[in-house]
Amino acid sequence: MAQGRISIYDYADFASFLSAVVDSKRLQRKTFSLRNFTKRIGLKAPSLLTMVMSGDRQPSPMLLNKICSALNLSKQDTRYAL
């Protein structure tokens, strides 16, 4: 893992990875909010993203692509997440 960057390959599932990324963003930027991130990926309510992060819901391939894009993941990392 590169210094300061969370690697998707260090996590057993996408939910754990996404939770770690969100936690890291919250620590790095006090202005980060799940609500704004949710809007950025085109969702109306943050509850779906919360369910994905908790593992209660599996993201559709389209949602997973949107999340990966918003996180600036490489194509290789996105394929791994799928």
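In this text the structure is predicted, and so the values were computed from the model without any measurement.

**Q** What should I look at first to understand the overall build of the protein in this one?
**A** Tallying secondary structure elements over the protein gives 5 helices and 0 strands in all. The secondary structure elements of the protein, listed N-terminal to C-terminal, are α-α-α-α-α. The globule rule puts the C-alpha radius of gyration for 82 residues at 12 Å, and the 12 Å found for the protein is close to it. Across its three principal axes, the protein shows a C-alpha extent of roughly 30 × 30 × 20 Å. Classification of the 82 residues of the protein by burial places 40% in the buried group. The contacts of the protein with a sequence gap of at least 6 include a subset with a gap of at least 24, amounting to 47%. Accessible surface for the protein amounts to roughly 5,500 Å². Of this, 51% is attributable to carbon and sulfur atoms. Within the protein, the 5 negative side-chain charges are centred at a point lying 13 Å from the centre of the 13 positive side-chain charges.

**Q** Help me understand the packing of helix 1 (residues 14-28) against helix 3 (residues 46-54), please; the structure alone is not making it clear to me.
**A** Geometry of a packed helix pair, given as the angle between the helix axes and the separation of the axes. Direction vectors running N to C along helix 1 and helix 3 enclose 115°, while the axes themselves pass 7 Å from each other. Two secondary-structure elements touch here, helix 1 through Phe-14, Ala-15, Leu-18, Ser-19 and Val-22 and helix 3 through Leu-49, Val-52 and Met-53. Partitioned by chemical class, the residues of the contact of helix 1 with helix 3 number 7 nonpolar, 1 polar and no charged.

**Q** Just to check I follow, could you spell out helix 4 (residues 61-70) for this structure?
**A** Taken together, the buried positions of helix 4 are occupied by Leu-63, Leu-64, Ile-67, Cys-68 and Ala-70. Along the axis of helix 4, the buried positions cluster into a sector of 165°, meaning they face one direction only. Summarising the geometry of helix 4, the exposed residues directed more than 90 degrees from the buried face are Pro-61, Met-62 and Ser-69. At the C-terminal side of helix 4, Asn-72 shows a positive phi close to 60°.

**Q** Please clarify how the nonpolar core should be interpreted in this entry.
**A** As a rule of thumb, nonpolar side chains are buried together in soluble globular proteins. One finds Phe-14, Leu-18, Ile-41, Ile-67 and Leu-71 to be the most contacted residues of the largest nonpolar core, which totals 23 residues. Counting residues per element, the ones that place at least two in this core are helix 1, helix 2 (34-40), helix 3 and helix 4. Every residue in contact with Ile-67, bar those within four places of it in the chain, is listed here: Phe-14, Leu-18, Ile-41 and Leu-49.

**Q** I would appreciate a short explanation of helix 1 in the present structure.
**A** Because each turn of an α-helix spans 3.6 residues, side chains separated by three or four positions end up pointing in the same direction. For helix 1, built from 15 residues, the straight-helix expectation of 21 Å at 1.5 Å per residue is met to within 8% by its first-to-last C-alpha distance of 21 Å. Looking only at helix 1, the buried set comprises Phe-14, Ala-15, Phe-17, Leu-18, Ser-19, Ala-20, Val-21, Val-22 and Ser-24. On the buried face of helix 1, the contacting elements are helix 2, helix 3, helix 4 and helix 5 (75-81).

**Q** I would appreciate a short explanation of the packing of aromatic side chains in the present structure.
**A** Centre-to-centre distance and the angle between the planes together describe a pair of aromatic rings. Throughout the structure, instances matching the rule amount to 4 aromatic pairs. Centre to centre, the rings of Phe-14 and Phe-17 are 5.9 Å apart; their planes meet at 45°, and the pair counts as tilted. Here Phe-14 and its partner Phe-17 are both found in helix 1, 3 residues apart, which amounts to about one turn of the helix. Across this residue pair, the class does not change: Phe-14 and Phe-17 are buried. Of the aromatic side chains, those joined through ring pairs into one cluster are Tyr-11, Phe-14 and Phe-17.

About the thresholds
- Residues numbered from 1 in each chain as written.
- Predicted model: local features only at pLDDT ≥ 70, side-chain atom pairs only at ≥ 80, totals over all residues.
- Heavy atoms only, no water.
- Helix = DSSP H or I, 4+ residues; strand = E, 2+ residues; numbered from the N terminus.
- Rg over C-alpha atoms; globule rule 2.2 N^0.38 Å.
- Buried < 20%, exposed > 50% of the residue type's maximum accessible area, 1.4 Å probe, protein only.
- Contact = heavy atoms within 4.5 Å.
- Areas by Shrake-Rupley, 256 points an atom, 1.4 Å probe, with all protein chains shown as cover.
- Lys, Arg positive; Asp, Glu negative; His and termini not counted.
- Charge placed at Lys NZ, Arg CZ, Asp CG, Glu CD.
- Axes fitted to C-alpha atoms, helices over the stretch in contact; angles between N-to-C directions.
- Nonpolar A, V, L, I, M, F, W, Y, C, P; charged D, E, K, R; others polar.
- Arc of directions from axis to C-beta.
- Core = buried A, V, L, I, M, F, W, Y, C linked by side-chain atoms within 4.5 Å.
- Expected span 1.5 Å × (residues − 1).
- Phe/Tyr/Trp six-rings, centres within 6.5 Å; stacked < 30°, edge-to-face > 60°.

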